Every structure is written in structure tokens, then in C-alpha cells.
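Architecture at a glance
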Amino acid sequence: MPILEAVPNVSEGRREAVVDRLAAAATGAGAVLADRSSDPDHHRSVLTLVGEAEALQASLLALYAEALERIDLRAHRGVHPRVGAVDVTPFVPLAGATMADAVAAARSLGAEVAARFDLPVYLYGEAASDPGRRRLADLRRGGFEGFPERIATPGWQPDYGPARVHPTAGVTAIGARFFLIAFNVILATREVALARRVARRAR
């Protein structure tokens, strides 16, 4: 069977016991936890899960259920931009899998998350239904606090779920992409234009 990777990013990086519960939920349905990392300044944790599409979907649904119970974005403050309790869940094709498999998994999970949790879901990356939603940074602009206004704007209705922000869990972005290597750099400047220039060159 084709093997996929899923890399859910959750908006909790300070309460280790909560992250333990999230990780346990994500592995209880058959997916393998390949990596886990938390950053208290970002107030964010990243889990790397590996498995067949069916096992990943069951594991991710369990993760969403746990996150929606444990995380309240109204009390969440961190330096990393976020729009959701489970902020983003990308799928990556691994052994025997294609990008089409990853896209199908993203769309299947998105529909089920919306139906089960009444949560707005935006598709991004290779799974995007709208070219203007391919980039995650564009989806996150304005953050959780700015999303009630954005979701009411024409053209910003979610791909699945209600056209209103969940009061504690926000919205979630689910997508498909190839491998991503991300790192953070602290610059000795407050000039945003300069920081963007550096980021473009690094990419």
C-alpha cells in the first residue's frame, strides 16, 4: 500500500502533558509517530506521522478531537502565526505514493474534519481548490484574531465546513506538498522589507 507522511502542527508548545495526550491520540489508530518537537516561544508542536492513508486519517481525526478539547486559541499567545488549534496538516507522498494520493488524503480528511467537528477547513498547497490559497502564508495572514472578518469576505468561504470561525479552535488548513525544510533566523533589524528579502534569497 502507498505510504504517506502527515505533519500536523498544533497550537500548543508549553504544556507537555497536553502534547503527550495529542501524540497518544495521533498514534492510537495505527499511524507511526516518526518525530515530535515543541517550541515554547512559538507555542507550537509538530508531529510527524507515517502510515497508509486510512490509518493516517483515523489517527488525525483522533488528534483533532483531542486538540479541540484541550486547546483554546482565545488564551493562546506565541510568536508563530496561527489560525487554528490544529493549525495545519500537510500530507507528503512517501514510498509507493504519488502527489495525487496525498491530495486525495487531504481532501478526504478535510471533508471528515468539517463534518465531524463543525470546523472550517481550507485546502492549500497541491490540494488547493483556489490558486489564491496555495500558499500557507496567505491563508494565515491576520491570524486567528483576524479570521472572523476574513471568512465573511467574498471568496474566503472555506472548502468544507461552516463559514464562521470556531470560537476556540479557529479554522484549519489541510493540504498536500513535497518535503519541506524550515528553519528560523533572528535578524538584527526591525525592517520587515529586509527580512523578506533575506527569506526570498534563502529560498
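Residues numbered from 1 in each chain as written. Predicted model: local features only at pLDDT ≥ 70, side-chain atom pairs only at ≥ 80, totals over all residues. Heavy atoms only, no water.

Comments concerning the overall build of the protein
For clarity, the cut-off: We count a stretch as a helix when DSSP gives it H or I for four or more residues in a row; a strand needs E for two or more, and each element gets its number in order from the N terminus. When we talk radius of gyration, it's over C-alpha atoms, and the globule rule is simply 2.2 Å times the number of residues to the 0.38. Relative accessibility under 20% of the residue-type maximum defines a buried residue, over 50% an exposed one, and the middle range a partly exposed one, all with a 1.4 Å probe and only protein chains included. What makes two residues a contact is simply this: any of their non-hydrogen atoms within 4.5 Å.
If you tally the helices and strands in the protein, you get six helices and seven strands. Secondary structure elements of the protein occur, N-terminal to C-terminal, as β-β-α-β-β-α-β-α-β-α-α-β-α. Compactness check: the protein gives a C-alpha radius of gyration of 16 Å against a globular reference of 17 Å for 203 residues, within 12% of the reference. For the protein, the spread of C-alpha atoms along the principal axes amounts to about 50 × 35 × 35 Å. Split into buried and exposed, the 203 residues of the protein put 47% on the buried side. The contacts of the protein with a sequence gap of at least 6 include a subset with a gap of at least 24, amounting to 74%.

Re helix H2 (residues 53-70)
Inclusion rule: Expected span of a helix, by definition, is 1.5 Å for each gap between consecutive residues, and there is one gap fewer than residues.
Helix length check: H2, at 18 residues, gives a terminal C-alpha distance of 25 Å against a target of 26 Å (1.5 Å per residue), a fit within 8%. Taken together, the buried positions of H2 are occupied by Ala55, Leu56, Gln57, Ser59, Leu60, Leu61, Leu63, Tyr64, Glu66, Ala67 and Leu68.

Here we look at the side chain of His42
In this structure, His42 sits in the loop between strand E3 (32-39) and strand E4 (44-51). A relative accessible area of 15% places His42 in the buried class. The residues contacting His42, other than those within four sequence positions of it, are His76, Gly78, Val79, His80 and Asn184.

A closer look at the packing of helix H1 (residues 16-27) against H2
How two helices pack is summed up by the angle between their axes together with the distance between the axes. This is how the line gets drawn: Every angle, taken between N-to-C directions, lies between 0 and 180 degrees, and every axis is a line fitted to C-alpha atoms, over only the stretch in contact when it is a helix. Put simply, angles under 35 degrees are roughly parallel, angles over 145 are roughly antiparallel, angles from 65 to 115 are roughly perpendicular, and the rest are oblique. Should the near helix be turned anticlockwise from the far one by less than a right angle, the crossing is termed left-handed; should it be turned clockwise, right-handed.
With their axes 7 Å apart at the nearest point, H1 and H2 run at an angle of 155° to one another. When the interaxial angle is binned, H1 and H2 end up roughly antiparallel. For the pair H1 and H2, the crossing hand works out as right-handed. Counting all contacts with H1, which are made through Val18, Arg21, Leu22, Ala25 and Ala26, the residues of H2 involved are Ser59, Ala62, Leu63, Glu66, Ala67 and Arg70.

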